[in-house]
Amino acid sequence: MLAHARGAVTVRRWPRQRSETLRAWDGADLYLLDLPDTAAAGPALVLNDTCGALALLLPGCVVSGDSWLARAALLANAADNGLTFDEQRWCWPDQPWPAQPARVLVRVPKQLALLEYQLWRLATELPAGTPVALAWMDKHLPGNLLALVRRYLGDIDLLRGQYKAHGLTGRITGAAVPAPPYPGSVAVPGFDWELTVRAGVFAQDQLDVGARFFMQHVPSGVSGRIADLGCGNGVIGLVAAARNPAAQVVFCDESWQALESARENAARYAGSADTAFHLGNGLAGCDGQFDLVLLNPPFHRGHAVDDSMARMLFRQVARRLAPQGELRVIGNRHLGYGGLLKRYFRQVSRVADSDKFSIVSAGGAVER
């Protein structure tokens, strides 16, 4: 229960878990809720609300973010509290806001590239004088945050800390601001590809070393359905499409920016391959079975180290893998996914190792 002077709401993370250990709100939410409303007419614009703690206590606000899971949490929590949240009040990062905001409240996201893109939109699309407030947890303060904010808001006021959080306020200046370097592009070794990478998508400047290693071990000879689960910019799915021209490749991610990056890259480089795109919670909502699933599981939820998302994805794949299908997983060697996968699959074997990563193959779902 989140109790505040603005009201009390029950807020939970999504997807729901029986033994949830992470709270669905924090001091940064409280910090923004404590800020007084402005006298200007119009709704507040809330950026990067993680589970709805802000949106449910700010009636009439507009919410924008990159995470499908955050949107799902907001809608589920609204229903749990008997509140109505019109889905038209949510917009993705590139979509126009449904109403001109009178003020803006920003939870600083983990990805500073996403924040920079959001600040640029605010600075170029809102009228001069519009107030903007940002808040963050002290333990997660990025070193160059203040310089970044000043680039787009000019003079700012750094506020006193509370709830183990800090905040700042500023206003849209109306002055010209530099365009952010997003979307960026990354070259793919071994292929004549320059992949689009939208703001906030992992590996902003160059293809990460894990993806380079995984590319070397994408199977060929698959003629059914392949899922690039947690696709990011789509590079692994594109390699799978190139090596398996008879297969359909489904790119899946919960990040809107990631899926749009993959969609744009597939349009340029997948040729005549059969491709599909799924924005959502892993494979939930995807119809049918898969003959091959390629996965680099997240081991963080926000800033917290947590393997619950990996376990959830393994369970999903176990239910959706074709009888002779294969799940191929890459992860940091210390994560020990091989042992975890044996809870869900009968056949688990090591495919390859590097000095940092392991690739594991799994198949034959355990009856549960």
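Since we're looking at a predicted model, the values are computed, not measured. (Residues numbered from 1 in each chain as written. Predicted model: local features only at pLDDT ≥ 70, side-chain atom pairs only at ≥ 80, totals over all residues. Heavy atoms only, no water.)

Quick word on the domain arrangement of the chain
Part 1 of the argument: Each domain of the chain was delimited in the assignment, giving domain 1 (2-172) and domain 2 (184-365).
Part 2 of the argument: Placing the centre of domain 1 and that of domain 2 at their C-alpha centroids yields a distance of 30 Å.
Part 3 of the argument: With both sides pooled, the region where domain 1 packs onto domain 2 buries about 1,800 Å², and carbon together with sulfur makes up 60% of that total.
Part 4 of the argument: For Asp-94, the salt bridge goes to Arg-198, with nearest N and O atoms at 2.4 Å.
Part 5 of the argument: The tally of links from domain 1 across to domain 2 stands at eight residue pairs in polar contact (both at pLDDT 80 or more).
Part 6 of the argument: Of all the secondary structure elements, the ones that give two or more residues to the side of domain 1 that touches domain 2 are α2 (68-80) and α3 (112-125).
Part 7 of the argument: For the side of domain 1 that touches domain 2, the element with the highest residue contribution is α3, accounting for three residues.
Part 8 of the argument: Within the side of domain 1 that touches domain 2, the residues separate by chemical class into 10 nonpolar, four polar and five charged. (Domains from an automatic or database assignment. Buried area = accessible area lost by both parts, 1.4 Å probe. Salt bridge = Lys/Arg side-chain N within 4 Å of Asp/Glu carboxyl O. Polar contact = N/O pair within 3.5 Å; in protein donor to acceptor, adjacent residues only side chain to side chain. Helix = DSSP H or I, 4+ residues; strand = E, 2+ residues; numbered from the N terminus. Nonpolar A, V, L, I, M, F, W, Y, C, P; charged D, E, K, R; others polar.)

So, the packing of aromatic side chains
Aromatic rings in a pair are described by how distant their centres are and how their planes are angled relative to each other.
Part 1 of the argument: Applying the stated criterion to the full structure yields eight aromatic pairs.
Part 2 of the argument: Consider the rings of Trp-92 and Trp-256, whose centres lie 6.4 Å apart with planes at 5°: the pair is stacked. Here Trp-92, found in the loop between β5 (90-91) and β6 (103-107), pairs with Trp-256, found in helix α7 (residues 256-269); they are 164 residues apart in sequence, far enough to count as distant.
Part 3 of the argument: Residue Trp-92 is classed as buried on the basis of its relative accessible area of 9%.
Part 4 of the argument: Under the relative-accessibility criterion, Trp-256 is labelled buried at 11%.
Part 5 of the argument: One aromatic cluster is present, built from ring pairs that chain together Trp-90, Trp-92 and Trp-256.
Part 6 of the argument: For the cation-ring pair, Arg-121 lies above Trp-97, with the distance from its terminal atom to the ring centre recorded as 4.4 Å.
Part 7 of the argument: Lying across the ring of Phe-290, Arg-225 places its NZ or CZ 4.3 Å from the centre. (Phe/Tyr/Trp six-rings, centres within 6.5 Å; stacked < 30°, edge-to-face > 60°. Buried < 20%, exposed > 50% of the residue type's maximum accessible area, 1.4 Å probe, protein only. Lys NZ or Arg CZ within 6 Å of the ring centre and 35° of its normal.)

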